[in-house]
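The residues making up each chain are set out below.
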Amino acid sequence: MTRAAGGVRTRATVLVAGAAAGVLLVVSLWTLCFLEREQRAGDEAALSASCRGLAASLNHSDPARWPARVAAWPGPPGMPVTVALYDATGRRWITSMPAPQKEKSGSSAPEVGTMVVSDAGAADWREGAANRDAGSADSGSDAQRTLVRTALSGREAMELVRSVQDGGPAWAVAEPVLGAGERVAGALVMTLPMAPRARALMWTWAMYGAGVFAVWLAVTAAVYGAARRLRDRLRRLTQAAEEGWPSAVGPGMRDAGDEWAALARAVERLGERVREQRARLHREQVTLASVIEHMTAGVMVVDRAGRVLIANRPAVRLLTGRDGPVKGRLHADVLTDGRLARAVDHALATGEGDRMEVAGGAGRDLRTDVADVALSPLLGERGTVEAVVLVAHDVTSWRRVERMRSEFVANVSHELRTPMTAIQGFTETLLDGALDDPHVAREFLTVIHDEAVRLNHLVRDLLDLSKMESGHTVLKFERADVAQIARASADGLRWTAERGGVALAVDLPEAVMAEVAPDRIRQVMDNLIANAVAYTPSGGSVRVTARAEGEWAVMCVEDTGIGIPPEDLPRIFERFYRVDKARDRRSGGTGLGLAIAKHIVEAHGGRIEVESEVGRGSWFTVRLPVRRADGRPA
């Protein structure tokens, strides 16, 4: 900014100074020419007037008195003229020159008035040398002789001749001198050398040039000062405009009272508005960035060059599967779904929006994130597509709920149809005549009874699960020993374990007190121990333990059964999900036990965990808080 202002100052100074110099030069040349022309015209007029005046004083007088009159003639003021008198034959007999400023000692030229008359010319006159040939007189150059002849012919003449004094150019005027009877008695020639007048003119020119140069220097200095002040004001205005800081203008400019003051106040008001606008835009940007960043929906903006301008964390997670920032990168390099990248290109090219469902991450199953993406192009002032906005909603839980609902309906239908089909089939067989055979009738009625019991258990579990999920189940908490609850559950299933050849061990050395709903915790342990016994082959073992860990009461059920594959572990707490569907159906389970157990534990504020290895067994751990959520002691 300083360099630019200095350039402005230099250019302004050079421009104005050059213009002033040009104008002054033209005016000076014209003035000098005018002065020279006026001086020449004045000299010519004065010389002619002086010559006519002297000739008039000599007319009709005795020629013997001419020298005295010439010597007494004062001459034109300030003009060093030389006077020469010629007789009627053209001979020069008097020559007078201007008197010196100071009389030289020993001079033979007497001073009469202001003119000095030479003696030689007077002697010639006194000796009556009237018969000299005019052609042989020392009358000067041809121009001078022409002037003498013109004057002797009775006419006035003026010519440029050679000066008698210095041999330089001079103006010469010739006038006839009349005698008796109006006859020409002689010629008067008056010569004005140009050299002294030229020196005087040159001195005048020098003084005038010095004055003009002084004026030019003054103008240049004034312009430089004005340009410097202009530079300072422009610098302050530029700084105020760039920084948007009103105080940069300064009170000196605001209070100047001229146009600069009005401009400074306008710039100050503009700076205030710019600062307010900048602050408002900054607040809006911060607010918008904060809102976008904390939105649960993913937002990504891609410009028309295909680069990502904005992408919040949900968008990065749902659409790119990356952990780092993606701003500034091409969308084709970060979007994991090729269909979505092609849809963005299509929207940038045509301005048409779109909507699709994509799977995040590298996989495309329901265990990955599923996003519903809406593409909306942003149009500029001319209707061109400036960017495309992608809004992604995480619908993974919705799709999982839909899948679970579909599976639930299918499983419920299947679980209900199986016992009902068995009941209907055996009943029809009995009605068709099997009722008459007591042995067959008893066997069929036993099957019908077992299926009815199983159907009753299924409906009961469904009702319990529905109540728990809806929050309608009321748990009656009391202080109880969860180790004794685990022991009672193991004792109730010991006969079942022995019948299957499974050793059921209980390791409960001390009491573990917690505030729980005892009947619901018994239901959890019944489900876990029953599953462990059911999925442990003959010769295996099941071990039940309980212990206190700080603020938690921990119960574990370990078995040496077939184990659970890693891909099935995340889903074993879903309703009707079975790892070994054939065996579970033979064991009489409904597929809802673990789902119910998880809801009961979470209703207590605890959590249930599982670890498993195929072929080695499974480890279920139930963690229950010793104190209730409201802080009451157990």
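Cut-offs used in this document
- Residues numbered from 1 in each chain as written.
- Predicted model: local features only at pLDDT ≥ 70, side-chain atom pairs only at ≥ 80, totals over all residues.
- Heavy atoms only, no water.
- pLDDT = per-residue confidence, 0-100.
- Contact = heavy atoms within 4.5 Å.
- Pairing = 2+ DSSP bridges.
- Helix = DSSP H or I, 4+ residues; strand = E, 2+ residues; numbered from the N terminus.
- Axes fitted to C-alpha atoms, helices over the stretch in contact; angles between N-to-C directions.
- Parallel < 35°, antiparallel > 145°, perpendicular 65-115°, else oblique.
- Left-handed = near helix turned anticlockwise from the far one by under 90°.
- 1 Å grid on protein atoms, 1.4 Å probe; cavity = no way out; pocket = protein on both sides within 12 Å on 5 of 7 lines; lining within 4 Å.
- Points joined across faces, edges and corners; volume = space filled by probe spheres on them.
- Nonpolar A, V, L, I, M, F, W, Y, C, P; charged D, E, K, R; others polar.
- Salt bridge = Lys/Arg side-chain N within 4 Å of Asp/Glu carboxyl O.
- Buried < 20%, exposed > 50% of the residue type's maximum accessible area, 1.4 Å probe, protein only.
- Phe/Tyr/Trp six-rings, centres within 6.5 Å; stacked < 30°, edge-to-face > 60°.
- Lys NZ or Arg CZ within 6 Å of the ring centre and 35° of its normal.

In this structure, what is going on with the confidence of the model for the protein? I would like to understand it.
Note: predicted coordinates in regions of low pLDDT should not be interpreted at a detailed level. A residue-level look at the protein finds 78% of positions with pLDDT of 70 or above and a mean pLDDT of 76. Low pLDDT (under 50) marks residues 119–140, which in the prediction has 31 contacts with non-local residues, meaning those over four places away or in another chain. Note that pLDDT drops below 50 for residues 582–587; the model gives that stretch 16 contacts with residues more than four away or on any other chain.

What is the right way to look at the sheet that holds strand E17 (residues 552–559) in this model?
One key point about sheets: their strands pair by backbone hydrogen bonds, in either a parallel or an antiparallel sense. Taken in spatial order, the five strands of this open sheet run E14-E16-E17-E19-E18, and their pairing is mixed. One side of each edge strand has no neighbouring strand; the edge strands of this open sheet are strand E14 (503–507) and strand E18 (607–613). Direction aside, the axes of adjacent strands within the sheet are offset by 15 degrees on average. Here E14 pairs with strand E16 (residues 541–549) via five bridges, running parallel. Within E16, the residue paired with Val506 across the bridge is Val544. The sheet contacts of helix H17 (residues 593–603) involve E18 and strand E19 (617–625), and relative to E19 the element is tilted by about 25 degrees.

Would you mind going over the packing of helix H13 (residues 482–492) against helix H15 (residues 518–534) with me for this structure?
Helix-helix packing: each pair is described by the crossing angle between the helix axes and the interaxial distance. Taken N-terminus to C-terminus, the directions of H13 and H15 make an angle of 50 degrees; their axes are 9 Å apart at the nearest point. Classified by the interaxial angle, the pair formed by H13 and H15 is oblique. The two elements H13 and H15 cross, and the hand of that crossing is right-handed. Taken together, the residues of H15 that come into contact with H13 (itself represented by Ile485, Ala486, Ala488, Ser489 and Ala490) are Pro518, Ile521, Arg522, Met525, Asp526 and Ile529.

So what exactly am I meant to see when it comes to the layout of surface pockets here?
Over the atoms rolls a probe the size of a water molecule, and in doing so it shows where empty space is left. In this structure, the second largest pocket occupies an estimated 340 Å³ of space. Around the second largest pocket, the lining comprises 17 residues; the ones closest to its centre are Glu293, Leu309, Ile310, Ala311 and Asn312. Partitioning the lining of the second largest pocket into residue classes produces nine nonpolar, two polar and six charged.

Whenever I open this one, the pattern of salt bridges confuses me. Can you help?
In a structure, side chains of opposite charge can pair up when their charged atoms sit close to one another. Summed over all chains, the structure comprises 17 salt bridges. The partner of Asp526 in a salt bridge is Arg522, with the nearest N and O atoms 3.1 Å apart. Of this pair, Asp526 and Arg522 both sit in helix H15, four residues apart, which is roughly one turn of that helix. For Arg623, the salt bridge identified is with Glu609, shortest N-O distance 3.7 Å. Here Arg623, found in strand E19, pairs with Glu609, found in strand E18; they are 14 residues apart in sequence, far enough to count as distant. By relative accessible area, which is 17% here, Arg623 ends up buried. The class for Glu609 is partly exposed, based on a relative accessible area of 31%. Salt bridges sharing partners connect three or more residues here, namely Arg547, Glu549, Arg607, Glu609 and Arg623.

Sorry, what's going on with the packing of H15 against H17 here?
The interhelical angle for the contact between H15 and H17, taken along N-to-C directions, is 145 degrees, at an axis separation of 9 Å. Note that H15 runs across H17; the crossing there is left-handed. Of the residues in H17, those in contact with Arg520, Gln523, Val524, Asn527, Leu528 and Asn531 of H15 are Gly593, Leu594, Ile596, Ala597, Ile600 and Val601. Residues of the contact of H15 with H17, tallied by class, amount to seven nonpolar, four polar and one charged.

Help me out: how do you make sense of the pairing of E18 in this one?
In the sheet, E18 pairs with E19 via seven bridges, with the strands oriented antiparallel. Within E19, the residue paired with Arg607 across the bridge is Arg623. The hairpin turn running from E18 into E19, its antiparallel successor, is three residues long, and Gly615 in that turn takes a positive phi close to 85 degrees.

Please clarify how the sheet that holds strand E10 (residues 354–359) should be interpreted in this entry.
Taking strand neighbours across the sheet as the criterion, the five strands line up as E9-E8-E12-E11-E10 in an open arrangement whose pairing is antiparallel. In the strand order of this sheet, the two ends are held by strand E9 (308–311) and E10, each with one partner. Neighbour-to-neighbour, the strand axes of this sheet turn through a mean angle of 20 degrees, independent of strand direction. Where helix H10 (residues 338–350) meets the sheet, it contacts strand E8 (298–303), E10, strand E11 (370–379) and strand E12 (385–394), and its direction lies at approximately 145 degrees from that of E12.

Explain the packing of aromatic side chains to me, please; I cannot follow it from the model alone.
A ring pair, where both rings are aromatic, is described by two values, the distance of the centres and the angle of the planes. Evaluation of the coordinates by the stated rule reveals one aromatic pair. Where Phe426 meets Phe444, the ring centres are 4.7 Å apart and the plane angle is 65 degrees; that geometry is what we call edge-to-face. Of this pair, Phe426 sits in helix H11 (residues 396–431) while Phe444 sits in helix H12 (residues 438–470), placing them 18 residues apart in sequence. The aromatic ring of Trp552 is capped on one face by Arg607, whose charged end is 5.3 Å from the ring centroid.

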